[in-house]
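Understanding the architecture of this molecule
Chain residues, written in single-letter form:
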Amino acid sequence: MGIDALKRSLWVFHVNAGSCNGCDIEIVAALTPRYDVERFGIKLVGTPRHADVLLVTGPVTRQMKDKLLRVYEQTPEPKLVVVVGNCGSTCGVFYESYNIEGPVDKLIPVDVYVHGCPPRPEAIIEGIAKAWAKLEKTKVKK
Amino acid sequence: MTPIFIVNAFGLMLLAILIALILNGVERKVVARMQSRIGPPILQPIIDIKKLLMKENIVPETAVKWVFNTMPFVAISTALVFFLYVPFAGQNALLKNQGDLILVLYLLVIPPLALAIGGFASGSNFASIGAQRELVLMLSYEFVLATIVFSLSWLYSVTTPNMPVFSVDLEARPSPWLIVGPFGTVGILLLLITSLAVMPAKAGKLPHDMSEAKTEIADGALAEYSGLNLALLYITQALRTFGFATFIVFLFFPCNIEQFFGFDPFFLPIFNFFFFLAKVFAVMFCSVFIVSAVTARFRIDQASAFYIFTIFTISLFGLLLLILDFFIGGQLYALFG
């Protein structure tokens, strides 16, 4: 009981913080019959209250900054943050743009970065798996 | 309230939770296979519950806290008490002499009502919309459910004298198919179809899951629930599905396996248990698994119209055929030889 259950049951909430929709499509592609993340117990949920993992896409625009912080605070502990795509990791082509408040790790603690523009669904699945491995390490430390 | 009764009731409730969760897992697996996916393991709902129990339980600042926290317990306890009144696994209900079908109908209403009240109390707009939809849907299908129960009760009252028609006693209740003529068989078939059509709404499954539509209103009435409360509501949803399937099995297929094959009386409860599971699985397969794999979500007005007009009319036809069968069926059959 406890954190081990997270291994087989990660519920994911997807936050679009100003993404171009490229990464979002790849996240949805991970749910399709070809990749089928549901076989690992990974499920896309509709509200941050149910989530274990926040998938954040996009450089954080000024309008989305407060919302991203709020969604992060709404998520119950223990929680993980996975950034999907170059924009969220480094702001990508929007670097130093006037309306950008990101990258994501300037605002909330990030556990795993998945690179690519957009990343492949395999990379997203691997990123979520790595996030879980990281959670397990923190448990050992305590 | 003897100790034996308490132990039995407790064991029965645990068994009901276990079967409901496993059936939920089977459902996810079957739907995944229909969409040519591999699908989660069958025990996935139990893993989900374990995980939800260790998560933080957040109560929103805007919520009415005591209502928000009480409603999951109300929902799950009524969903469990339901199994004390309805024959389960081919055995008579523990409280068969205390309850009747009317009480069972009310017990079926309380869990969604508690969910809706919890949604209203959570102070979120999404949850309010979800709760409103849940209530509208409930008002639409309860008509149909009442028609089904009262049609069958009327049938028993005219064909089987001295029988308490609303009783939940399995022995007193002959199979409805055996006591009617051809017209009545079609009538009961129509009633069965309508009850299968009510099933997705009772279970909160596609195409009637607009009250928790996660892609448009963020899981609806469940939107603000997390941790322990969410785990309770998750179990309640599974119990509602299983409970209503049990109810349909009791109304339409109350017969046990010993009426078809002879078995050693020592093993009979075990065979009856698996026969019951097979019946429940068949009901759920026809009304939930296939339907939720191939349909998209209705709008709430479409779903409401679907139940109030289409399904309610079909159930009235079923009742009409039962009445025809009883009053003029004999003369008609004589006419056509």
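Presented here is an overview of the structure given in this document. In this numbering scheme, every chain counts its residues from 1 along its sequence in written order. Chains and ligands are labelled sequentially in the order written, the chains with letters from A and the ligands with numbers from 1. Per-residue local features are limited, in this predicted model, to residues with pLDDT of at least 70; the limit for side-chain atom pairs, both in listing and counting, is 80 or more; totals at the level of whole chains, interfaces and linings are taken over all residues. To obtain the side-chain values, all non-hydrogen atoms of the structure were used and water was disregarded.

1. What to know about the overall build of chain A
Counting from the N terminus, the helices are the DSSP runs of H or I reaching at least four residues and the strands are the DSSP runs of E reaching at least two. Secondary structure summary: chain A contains five helices and five strands in total. Listed N to C, the secondary structure of chain A is α-β-α-β-β-α-β-α-β-α in terms of helices and strands. Each radius of gyration reported is based on C-alpha atoms, and the globular scaling rule is 2.2 Å times the count of residues to the power 0.38. Taken over the C-alpha trace, chain A has a radius of gyration of 14 Å; the compact-globule value for 142 residues is 14 Å, and the two agree within 12%. When each of the 142 residues of chain A is scored for burial, the buried share is 52%. Exposure categories follow from relative accessible area, calculated using a 1.4 Å probe and restricted to protein chains: below 20% of the type maximum is buried, above 50% is exposed, and the middle band is partly exposed.

2. Side note on the pattern of salt bridges
All names here are of chain A. Each reported salt bridge corresponds to a side-chain nitrogen of Lys or Arg within 4 Å of a carboxyl oxygen of Asp or Glu. Counted under the stated rule, the structure contains 15 salt bridges over all chains. Here Glu126 and Lys130 are joined by a salt bridge, their closest N and O atoms 3.6 Å apart. With Glu126 and Lys130 both in helix α5 (residues 121–141) and four residues apart, this pair spans about one turn of that helix. Judged by relative accessible area, Glu126 falls into the partly exposed class, the value being 46%.

3. Here's the deal with unusual backbone geometry
All names here are of chain A. Of the consecutive residues Cys117 and Pro118, the connecting peptide bond is found in the cis state with omega at -5°. Here Asn21, not a glycine, exhibits a phi torsion of approximately 85°, which is positive. Locating Asn21 in the fold gives a position in the loop between β1 (11–16) and α2 (22–29). Backbone geometry at Asp36 places phi at a positive 45°, although glycine is not the residue there. Looking at the element boundaries, Asp36 is found in the loop between α2 and β2 (43–44).

4. Side note on the side chain of Ser140 of chain B
Note that Ser140 of chain B resides in helix α5 (residues 125–159). Under this definition, polar contacts are N or O atom pairs within 3.5 Å; protein pairs additionally need one hydrogen-donor-capable and one acceptor-capable atom, and for neighbouring residues in sequence, both atoms have to be side-chain atoms. Of the polar contacts made by the side chain of Ser140 of chain B, one reaches the backbone oxygen of Val136 of chain B; its length is 2.8 Å.

5. Regarding the interface of chain B and chain A
When the parts of a complex come together, some accessible area is lost, and that lost area is often used as the size of the interface. Counting residues at the interface gives 30 residues for chain B, matched by 29 residues for chain A. As used here, buried area is the combined drop in accessible area, with a 1.4 Å probe, of two parts when they are placed together. Here chain B packs against chain A, burying approximately 2500 Å² in sum over the two surfaces, 57% of which is carbon and sulfur. Of all residues in chain B, Lys51, Met54 and Lys55 of chain B bury the most surface against chain A, accounting for 24% of the area lost on that side. Our count for the contact surface shared by chain B and chain A stands at six salt bridges. The contact criterion used is simple: two residues touch if any of their non-hydrogen atoms lie within 4.5 Å.

6. Observations regarding the packing of helix α1 (residues 3–34) of chain B against helix α8 (residues 227–252) of chain B
Residue and element names in this part refer to chain B. Every axis in this analysis is a line fitted to C-alpha atoms, fitted for helices over the stretch in contact. Angles between the N-to-C directions lie between 0 and 180 degrees. Between α1 and α8, the least distance of the axes is 8 Å, while the angle of their chain directions is 85°. Put simply, α1 runs roughly perpendicular to α8. Counting all contacts with α1, which are made through Ala16, Ile17, Ile19, Ala20, Leu21, Leu23, Asn24 and Arg28, the residues of α8 involved are Tyr234, Ile235, Ala238, Leu239 and Phe242. Ten residues, namely Ala, Val, Leu, Ile, Met, Phe, Trp, Tyr, Cys and Pro, are considered nonpolar, four, namely Asp, Glu, Lys and Arg, are considered charged, and the remaining ones, Gly among them, are considered polar. When the residues that make up the contact of α1 with α8 are grouped by side-chain class, the tally is eleven nonpolar, one polar and one charged. By the definition adopted for this analysis, an angle is roughly parallel if under 35 degrees, roughly antiparallel if over 145, roughly perpendicular if from 65 to 115, and oblique otherwise.

7. Notes on the packing of aromatic side chains
For Phe, Tyr and Trp, rings pair up if their centres lie within 6.5 Å, where Trp contributes its six-membered ring, and each pair is then called stacked (planes under 30 degrees apart), edge-to-face (over 60) or tilted (otherwise). Applying the stated rule across the entire model yields 14 aromatic pairs over all chains. Taken together, the aromatic side chains of Phe82, Phe83, Phe242 and Phe276 of chain B make up a single cluster linked through ring pairs. Here the basic side chain of Lys43 of chain A rests over the ring of Trp11 of chain A, its NZ or CZ set 4.2 Å away from the ring centre. For the cation-ring pair, Lys51 of chain B lies above Trp11 of chain A, with the distance from its terminal atom to the ring centre recorded as 3.8 Å. Whether a charge sits over a ring comes down to the Lys NZ or Arg CZ being within 6 Å of the ring centre and within 35 degrees of the ring normal.

8. Observations regarding the packing of helix α4 (residues 101–121) of chain B against α8 of chain B
Residue and element names in this part refer to chain B. The geometry of α4 relative to α8 is characterised by a closest axis approach of 11 Å and an angle of 155° between their N-to-C directions. Considering their axes alone, α4 and α8 lie roughly antiparallel with respect to each other. The way α4 lies across α8 gives a crossing that is left-handed. Contacts between α4 and α8 involve Leu101, Val104, Leu105, Leu108, Pro111, Pro112 and Leu115 from the first element and Leu233, Thr236, Gln237, Arg240, Phe244, Phe247, Phe250 and Leu251 from the second. The residue makeup of the contact of α4 with α8, split by class, is twelve nonpolar, two polar and one charged. If you view the pair so one helix is near and one far, a crossing is left-handed when the near helix is turned anticlockwise from the far one by less than a right angle, and right-handed when it is turned clockwise.

9. Some details on the pairing of strand β4 (residues 80–84) of chain A
Residues and elements named next belong to chain A. Within β4, five of the five residues are buried, which leaves the element mostly enclosed by the surrounding structure. In terms of strand pairing, strand β3 (residues 53–57) meets β4 through five bridges, oriented parallel. Within β4, the position partnered with Val53 by the bridge is Leu80. Chirality of the crossover, the property in question, places the unit of β3, helix α3 (residues 62–74) and β4 among those that are right-handed. Pairing between strands is defined by DSSP: at least two bridges between them are needed. Bridge count between β4 and strand β5 (residues 112–114): three bridges; the pairing is parallel. Looking at β5, one finds that Val83 is bridged to Tyr113. With the strands aimed away from the viewer, a crossover counts as right-handed if its path from the first strand over the helix to the second runs clockwise.

10. Let's talk about the pairing of β1 of chain A
All names here are of chain A. Where β1 and β2 come together, two bridges link them in parallel fashion. Directly across from Trp11, in β2, lies its bridge partner Lys43. Between the parallel pair β1 and β2, the chain is carried across by α2, and the sense of this crossover is right-handed. Relative to β3, β1 runs parallel, the two being bridged by five bridges. In the sheet register, His14 faces β3, and the bridge partner there is Leu55.

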